[in-house]
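Spelled out, the chains give:
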Amino acid sequence: MTLKFSLRWIFNTRMLLGALIGCGLFASINSLRDAKYHSGPGYVTYGDGDRYPEREEWVSESKYKKHRTDYAWFGIIFCITAWLLAAHNARLEDAEAAKNRPDMS
């Protein structure tokens, strides 16, 4: 009796994509939680560094919370959309594989 141990089920595209989307989702939720419990003025960065020069400034508490909350919700919506698209793509791949599988009856 031989014991065959394989990690191929972990290191496939679906598992890695799901882990990446999950990390992004939990990071966005944590950012939303941090914005809710933040008190006092905050430090905000504007610009992308390429087209617009990057500038940093201290803003009021309400502006900081709005900025942080907006980015957190963008991350949450992006991750949920990516998760739904990945699940839809996996379903299509499984249906295609089942259609191409030879009938063993």
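Residues numbered from 1 in each chain as written. Predicted model: local features only at pLDDT ≥ 70, side-chain atom pairs only at ≥ 80, totals over all residues. Heavy atoms only, no water.

Caption draft 1: A look at the environment of K66. Within the element layout of this structure, K66 appears in helix α2 (residues 61-100). Through-space distance from the C-alpha of K66 to that of A35 is 8.1 Å; in sequence the pair is 31 residues apart. (Helix = DSSP H or I, 4+ residues; strand = E, 2+ residues; numbered from the N terminus.)

Caption draft 2: View of the state of the cysteines. Per the stated rule, a full pass over the model turns up zero disulfides. Left unpaired, C23 is separated from the closest cysteine sulfur, that of C79, by 9.5 Å. Overall, the relative accessible area of 9% leaves C79 in the buried class. (Disulfide = S-S within 2.5 Å. Buried < 20%, exposed > 50% of the residue type's maximum accessible area, 1.4 Å probe, protein only.)

Caption draft 3: Representation of the pattern of salt bridges within the structure. On inspection of all chains with the given rule, the structure shows eight salt bridges. Where R14 meets D94, a salt bridge forms, and the shortest distance between an N and an O atom there is 2.9 Å. Here R14 is found in helix α1 (residues 13-37), whereas its partner D94 is found in helix α2, with 80 residues between them in sequence. Residue R14 is classed as partly exposed on the basis of its relative accessible area of 40%. What makes D94 partly exposed here is its relative accessible area of 42%. With its nearest N and O atoms 3.2 Å apart, the salt bridge here joins E57 to R55. Take R55: its relative accessible area is 47%, and that puts it in the partly exposed class. Each member of the salt-bridge network shares a partner with another, and the members are R14, E93 and D94. (Salt bridge = Lys/Arg side-chain N within 4 Å of Asp/Glu carboxyl O.)

Caption draft 4: The arrangement of α2 in detail. Over its 40 residues, α2 runs 58 Å from end to end, which matches the ideal 58 Å to within 8%, given 1.5 Å per residue. Check the buried side of α2 and you find it contacts α1, β1 (42-46) and β2 (55-59). (Expected span 1.5 Å × (residues − 1). Contact = heavy atoms within 4.5 Å.)

Caption draft 5: Molecular detail of the layout of surface pockets. A volume near 190 Å³ is recorded for the largest pocket. Around the largest pocket sit T13, R14, L17, G18, I21, W83, A86, A87, N89, A90 and E93, which together line it. Listing elements by their share of the lining of the largest pocket, those giving two or more residues are α1 and α2. The element contributing the most residues to the lining of the largest pocket is α2, with six residues. (1 Å grid on protein atoms, 1.4 Å probe; cavity = no way out; pocket = protein on both sides within 12 Å on 5 of 7 lines; lining within 4 Å. Points joined across faces, edges and corners; volume = space filled by probe spheres on them.)

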